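Geometric and topological summary
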Amino acid sequence: IIDWRDTTNSLFEVEQGIAGAESDYYLGRGAGYGCRNGPFASVEELRMVRGIDDELFARVRPHLTVYPASELININTASRDVLMALANAVPKVDQNAAAGMVDALLKARADSLVFTNRAAITAQMEKKLTAAEWTILQQIRFILGIQSTHFRGIAEGVPAAAPNEQRTIEFVVDQNGRIAYWHED
């Protein structure tokens with residue numbers, strides 16, 4: 001993914017012997033395309049990246065967006081899976097502390113706590129977390145926000161002209177209702 005998005009033609013090595021893929025890899029396989037060397041144009045583009053198979057894509061798809069490219073993650077609406085992914089990205093994270101921090105955030109939300117500004121995230125959670133959980137929140141707080149500017153929806157229905165067919169529309173709209181993405185199956 002890093003190689004797909006970066007603007008270089010040199011491989012990003014994740015671990016010794018494990019690297020990404022640049023355009024020559026895709027073109028050499030006859031894929032008919034190279035790396036984008038920029039941000040993803042759609043979530044579906046992720047399917048084109050080396051190592052992303054249908055099973056992995058199906059698992060991560062509900063948690064991804066490309067709208068807008070610089071958005072912070074809304075702590076008031078982020079799913080457990082997204083919050084766990086953030087917590088687990090902290091180097092040498094304790095899995096129990098990560099789960100505890102996420103569970104505490106979700107419990108606070110279930111108890112009607114709404115974070116109204118970014119400073120409130122740490123201020124309102126400080127007494128609800130253990131020291132290890134607090135450390136994780138401190139490390140991820142810079143990518144947490146309190147509002148969303150884009151919203152994803154899925155509509156399913158049966159067209160009157162084709163009562164035996166079910167259709168699905170996936171869409172993303174901005175906060176003003178403008179369509180950013182539309183896909184019909």
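In this report, we go over the structure that sits alongside the text. The structure displayed is predicted, hence computed values, not measured ones.

Rules used in this analysis
- In this numbering scheme, every chain counts its residues from 1 along its sequence in written order.
- Note on the predicted model: pLDDT of at least 70 is required for a residue's local features to be given, and 80 or more for side-chain atom pairs to be given and counted; whole-chain, interface and lining totals, by contrast, use all residues.
- Think of the side-chain values as coming from all heavy atoms in the structure, minus any hydrogens and water.
- Put simply, a nonpolar core is a bunch of buried Ala, Val, Leu, Ile, Met, Phe, Trp, Tyr and Cys residues held in one set by side-chain atoms that sit within 4.5 Å of each other.
- Summary of the burial criterion: residues with accessible area below 20% of their type's maximum are buried, those above 50% are exposed, and those between are partly exposed, where the area comes from a 1.4 Å probe applied to protein chains only.
- Per the convention used, a helix needs a DSSP run of H or I reaching at least four residues, while a strand needs a run of E reaching at least two, with both numbered from the N terminus.
- Any two residues having at least one pair of non-hydrogen atoms within 4.5 Å are treated as being in contact.
- Here the aromatic set is Phe, Tyr and Trp, taking the six-membered ring for Trp, and pairing holds for ring centres within 6.5 Å; pairs whose planes are under 30 degrees apart are stacked, those over 60 apart are edge-to-face, and all others are tilted.
- One bridge is not enough; two strands pair if DSSP finds at least two bridges between them.
- Here, axes are lines fitted to C-alpha atoms. For helices the fit covers the stretch in contact, and angles between N-to-C directions go from 0 to 180 degrees.
- To count toward a patch, a residue needs a relative accessible area above 30% and no salt bridge. Like charges then connect within 9 Å, nonpolar side chains (Val, Leu, Ile, Met, Phe, Trp, Tyr) within 5 Å.
- Residue burial considers only the protein chains on display, and all accessible areas are found by Shrake-Rupley using a 1.4 Å probe.
- Any Lys or Arg side-chain nitrogen found within 4 Å of a carboxyl oxygen on Asp or Glu counts as a salt bridge.

1. Describing the nonpolar core
- Among the nonpolar cores identified, the biggest contains 24 residues, and Met101, Leu105, Met125, Ile136, Leu137, Ile140 and Leu144 are the most heavily contacted of them.
- Those elements that place two or more of their residues in this core are helix H4 (80–88), helix H5 (95–110), helix H6 (118–125) and helix H7 (131–140).
- A per-element tally of this core places H5 first, with seven residues.
- For Met101, the contacting residues outside a window of four places in its chain are Ala87, Leu129, Glu133, Ile136, Leu137 and Ile140.
- Ranked by size, the runner-up nonpolar core spans 14 residues in total, among them Ala21, Val43, Leu46 and Val66.

2. Some details on the packing of aromatic side chains
- One pass over the full model with this rule turns up six aromatic pairs.
- When the ring of Trp4 is compared with that of Tyr26, the centres are 5.3 Å apart and the planes differ by 85 degrees; the resulting orientation is edge-to-face. On the criterion of sequence distance, the pair formed by Trp4 in helix H1 (residues 2–5) and Tyr26 in helix H2 (residues 23–28) is long-range, its members being 22 residues apart.
- A relative accessible area of 2% means that Trp4 is categorised as buried.
- Tyr26 gets classed as buried once you look at its relative accessible area, which sits at 3%.
- Considering the side-chain rings of Trp4 and Tyr33, the 6.0 Å spacing of their centres and the 70 degrees angle between planes classify their relative orientation as edge-to-face. Here Trp4, found in helix H1, pairs with Tyr33, found in the loop between H2 and helix H3 (54–60); they are 29 residues apart in sequence, far enough to count as distant.
- What makes Tyr33 partly exposed here is its relative accessible area of 26%.

3. Topic: the sheet that holds strand S5 (residues 150–157)
- Pairing in this open sheet of three strands is antiparallel, and the strands run S5-S6-S7 from one edge to the other. The open sheet terminates on both sides in strands that have one partner only, identified here as S5 and strand S7 (179–184). Ignoring strand direction, the axes of neighbouring strands in this sheet form an average angle of 15 degrees.
- Looking at chain direction, S5 and strand S6 (residues 167–174) are connected through eight bridges and run antiparallel.

4. Some details on the pairing of S6
- The pairing of S6 with S7 spans five bridges and is classified as antiparallel. If you follow Val173 over to S7, its bridge partner there is Ile179.
- Hairpin connection of S6 to S7: four residues between the antiparallel strands, including Gly177 at a positive phi of 85 degrees.

5. Concerning a nonpolar patch on the surface
- A contiguous nonpolar patch, built from Leu72, Phe142 and Ile143 and spanning about 270 Å² of accessible area, is present on the exposed surface.
- With respect to the secondary-structure elements, Phe142 resides in the loop between H7 and strand S4 (144–145).
- When its relative accessible area of 53% is taken as the criterion, Phe142 is described as exposed.

6. Some words on the pattern of salt bridges
- This model, assessed by the stated rule, comprises nine salt bridges.
- The partner of Arg152 in a salt bridge is Glu170, and the shortest N-O contact between them spans 2.8 Å. Within this pair, whereas Arg152 is found in strand S5, its partner Glu170 is found in strand S6, the two being separated by 18 residues in sequence.
- When its relative accessible area of 37% is taken as the criterion, Arg152 is described as partly exposed.
- Here Glu165 ties to Arg167 by a salt bridge, and the two come within 2.8 Å at their closest N and O atoms.
- The structure contains a network of salt bridges with shared partners spanning Glu44, Arg61, Arg152 and Glu170.

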